[in-house]
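Read off the chains here:
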Amino acid sequence: MNMKSLHTQQQIEHALFKLLQKKPYTEISIAEITRKAKVSRTSFYRNYDQKDEVIAQFLFNRYHNFIADIDQHNLRTFKQQLTAYLEFFKDNPQLMKLLLDAGFEGELLNFQTKYLKKLMSVYHSDVHLPDYAIAYQSGGIYMLLVWWVKQNYQTSLTDLITYAEKHIML
């Protein structure tokens, strides 16, 4: 991808998240996004077919960066990886709230499950779980995260990780 397209995507992404702070996702038009991003509609459609793709690409990039961070920081245990995952959301408290308010619960869970499966195959190849078991465990992690976000991260990360170690079978 060339730098101009990357810059345009970042502008569009930033504009969409700014608009999400003010109004529901369903009420945001592509025209509003392009106006806020200061890009043309042609530029938008050169990068995306619809506004849902802005969120999908954003999630893809975040999860891809998470996997890269695992490598960069040599996080090999599931405890270390889960801690880094949850810390990301604690360090970006409005992100998950905006995505949940925008109605992206399903997409978030699907991305998380896809990347949990990848995480298991790359970093924990000795653990052999069928896809349904990974999906089940991912659902538990996801609901723990959603609960934590909704109670404004009041429970300590240490308590969450301790709980997860006892109850999530990965």
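Before reading on, note that the structure itself is shown above.
Conventions we followed
- Residues numbered from 1 in each chain as written.
- Predicted model: local features only at pLDDT ≥ 70, side-chain atom pairs only at ≥ 80, totals over all residues.
- Heavy atoms only, no water.
- Helix = DSSP H or I, 4+ residues; strand = E, 2+ residues; numbered from the N terminus.
- Contact = heavy atoms within 4.5 Å.
- Areas by Shrake-Rupley, 256 points an atom, 1.4 Å probe, with all protein chains shown as cover.
- Lys, Arg positive; Asp, Glu negative; His and termini not counted.
- Charge placed at Lys NZ, Arg CZ, Asp CG, Glu CD.
- Expected span 1.5 Å × (residues − 1).
- Buried < 20%, exposed > 50% of the residue type's maximum accessible area, 1.4 Å probe, protein only.
- Polar contact = N/O pair within 3.5 Å; in protein donor to acceptor, adjacent residues only side chain to side chain.
- Salt bridge = Lys/Arg side-chain N within 4 Å of Asp/Glu carboxyl O.
- Patch = residues over 30% accessible without salt bridge, like charges linked within 9 Å, V, L, I, M, F, W, Y side chains within 5 Å.
- 1 Å grid on protein atoms, 1.4 Å probe; cavity = no way out; pocket = protein on both sides within 12 Å on 5 of 7 lines; lining within 4 Å.
- Points joined across faces, edges and corners; volume = space filled by probe spheres on them.
- Nonpolar A, V, L, I, M, F, W, Y, C, P; charged D, E, K, R; others polar.

A. Structural view of the overall build of the protein chain. Scanning the protein chain from terminus to terminus reveals 9 helices and 0 strands. In sequence order, the protein chain lays out its α and β elements as α-α-α-α-α-α-α-α-α. Here the analysis covers contacts within the protein chain between residues at least 6 apart in sequence; of these, 65% occur between residues at least 24 apart. A total accessible area of about 9900 Å² is found for the protein chain, and carbon and sulfur atoms account for 53% of it. Between the centroid of the 20 positive side chains of the protein chain and the centroid of its 17 negative side chains there is a distance of 7 Å.

B. Seen up close, helix α1 (residues 3-20). With 18 residues, α1 ought to run about 26 Å at 1.5 Å a step, and its terminal C-alpha atoms sit 26 Å apart, in line with that. All of the buried residues along α1 are S5, T8, Q9, I12, E13, A15, L16, F17, L19 and L20. Next to the buried residues of α1 lie α2 (30-37), α3 (41-47), α4 (51-72) and α6 (93-101). Between the side-chain oxygen of the N-cap and the backbone nitrogen of K4 there are 3.0 Å, and the N-cap of α1 in question is N2.

C. Spatial organisation of the pattern of salt bridges. Tallied over the full model, the rule gives 5 salt bridges. A salt bridge links E13 to R62; the shortest N-O distance between them is 3.4 Å. With E13 in helix α1 and R62 in helix α4, this pair connects stretches of sequence that are 49 residues apart. A salt bridge links K23 to E32; its shortest N-O distance comes to 2.6 Å.

D. Structural view of a negative patch on the surface. Together, D52, D101, E105 and E107 line one region of the surface with negative charge. If you trace the backbone, D52 turns up in helix α4. D52 sits in the partly exposed class, given a relative accessible area of 36%.

E. Representation of empty space enclosed by the protein. Summed over the entire model, instances satisfying the criterion amount to 1 cavity of 30 Å³ or more. Among the elements of the structure, α4, α5 (78-91) and α7 (105-123) are those that each provide at least two residues to the lining of the largest cavity. Split by residue class, the lining of the largest cavity holds 9 nonpolar, 2 polar and no charged.

F. View of the environment of T162. Secondary-structure assignment places T162 in helix α9 (residues 157-167). We classify T162 as partly exposed; its relative accessible area is 34%. Along the sequence, T162 and S43 sit 119 residues apart, while their C-alpha atoms lie 47 Å from each other.

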